Amino acid sequence: DAKTTQPPSMDCAEGRAANLPCNHSTISGNEYVYWYRQIHSQGPQYIIHGLKNNETNEMASLIITEDRKSSTLILPHATLRDTAVYYCIVRVNTGNQFYFGTGTSLTVIP
Amino acid sequence: DAGVIQSPRHEVTEMGQEVTLRCKPISGHDYLFWYRQTMMRGLELLIYFNNNVPIDDSGMPEDRFSAKMPNASFSTLKIQPSEPRDSAVYFCASSRRQGRHEQFFGPGTRLTVL
């Protein structure tokens, strides 16, 4: 599975959009981009995933560049409850394991 | 659905003792995963099962660790004998089938070995 690179930490003002970047320059054509988050003292939680096209669900939007070498997770209106560690993972669709890196620690500031 | 259930939520034991962590996956899920999380190493996959059969245990740190899944609704992770370096949060997760995008995680068991 391709390696990902994320900034270790970010801050975001409450109510503003949080844009979390992820670099995956060695991604293969059959690898998906996944985002999970882990709120303190809880298990990780699935947010969203995508292959080529941008994706949106009730939690977030995922923007993948045309060359697929990077992506951005967007939380449109960050709340204090969005404070968490966000993990960007790439994996083939037929895989079973998720390999979690160090992620980005997002702090939403009142 | 109650989600993935883990017990105990907290365990404190002394070095050399046997520790058993338990997990009940979400009904209907046929994949079960055990992870360990520490500050130093982050979140690591230890082992996973498909239809109660261990598929990949390459993440199990050493022979002191063992995992079983006697049926579709129950799994255990055992450490015998335990050591202080085993102190960590252990998570269990389940998912529906191969290629499924979402794993559902339990609340974790915080293990402290004195």
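Preceding block: the structure.
Some remarks on the sheet that holds strand E3 (residues 31-38) of chain A
Residues and elements named next belong to chain A.
Next up, step 1: Overall, mixed pairing links the five strands, which are arranged E1-E9-E8-E3-E4 in an open sheet. Two strands close off the open sheet at either side, each with one partner strand: strand E1 (9-13) and strand E4 (45-50). Between one strand axis and the next, the sheet turns through 25° on average, direction left out of account.
Next up, step 2: Bridge analysis of strand E8 (residues 84-92) against strand E9 (residues 104-109) gives three bridges, and the strand direction is antiparallel. Note that in E9 the partner of Tyr-86 across the bridge is Thr-104.

A short note on unusual backbone geometry
Residue and element names in this part refer to chain B.
Next up, step 1: With an omega of -10°, the peptide bond between Ser-7 and Pro-8 qualifies as cis.
Next up, step 2: Relative to the helices and strands, Pro-8 is located in the loop between strand E1 (5-7) and strand E2 (10-13).
Next up, step 3: The omega torsion of the bond from Gln-80 to Pro-81 falls at -10°, within 30 degrees of zero and hence cis.
Next up, step 4: Examined against the element boundaries, Pro-81 turns out to sit in the loop between strand E8 (74-79) and strand E9 (88-95).

Concerning the interface of chain B and chain A
Next up, step 1: With 18 residues of chain B in contact, the opposing surface of chain A contributes 19 residues.
Next up, step 2: With both chains or domains summed, chain B and chain A bury close to 1500 Å², and 49% of this area falls on carbon and sulfur atoms.
Next up, step 3: Contact with chain A buries surface across chain B, with Leu-43, His-101 and Phe-105 of chain B losing the most and accounting together for 37% of the total.
Next up, step 4: The interface formed by chain B and chain A contains zero salt bridges.
Next up, step 5: For the interface between chain B and chain A, the tally reads two residue pairs in polar contact (both at pLDDT 80 or more).
Next up, step 6: Residue assignment for the side of chain B that touches chain A shows that the elements contributing at least two residues are strand E4 (31-38) and strand E5 (42-50) of chain B.
Next up, step 7: Among the elements that line the side of chain B that touches chain A, the one with the most residues is E4 of chain B, at four residues.
Next up, step 8: Of the residues assigned to the side of chain B that touches chain A, the class counts are nine nonpolar, six polar and three charged.

Quick look at the state of the cysteines
Next up, step 1: For the structure on display, the rule yields two disulfides over all chains.
Next up, step 2: Two residues, Cys-22 of chain A and Cys-88 of chain A, share a disulfide whose sulfurs are 2.1 Å apart. Taking the sign of the S-S torsion, about -80° here, the bridge from Cys-22 of chain A to Cys-88 of chain A comes out left-handed. Remark: Cys-88 of chain A occurs in strand E8 and Cys-22 of chain A occurs in strand E2 (residues 18-23); sequence separation between them is 66 residues. Both residues of the pair, Cys-22 of chain A and Cys-88 of chain A, count as buried.
Next up, step 3: A disulfide bridge connects Cys-23 of chain B with Cys-92 of chain B, and the sulfur atoms are separated by 1.9 Å. In this structure, the disulfide formed by Cys-23 of chain B and Cys-92 of chain B twists by about -70° around the S-S bond and is classed as left-handed.

What counts, and at which threshold
Residues numbered from 1 in each chain as written. Chains lettered and ligands numbered in written order. Predicted model: local features only at pLDDT ≥ 70, side-chain atom pairs only at ≥ 80, totals over all residues. Heavy atoms only, no water. Pairing = 2+ DSSP bridges. Helix = DSSP H or I, 4+ residues; strand = E, 2+ residues; numbered from the N terminus. Axes fitted to C-alpha atoms, helices over the stretch in contact; angles between N-to-C directions. Contact = heavy atoms within 4.5 Å. Buried area = accessible area lost by both parts, 1.4 Å probe. Salt bridge = Lys/Arg side-chain N within 4 Å of Asp/Glu carboxyl O. Polar contact = N/O pair within 3.5 Å; in protein donor to acceptor, adjacent residues only side chain to side chain. Nonpolar A, V, L, I, M, F, W, Y, C, P; charged D, E, K, R; others polar. Disulfide = S-S within 2.5 Å. Buried < 20%, exposed > 50% of the residue type's maximum accessible area, 1.4 Å probe, protein only.

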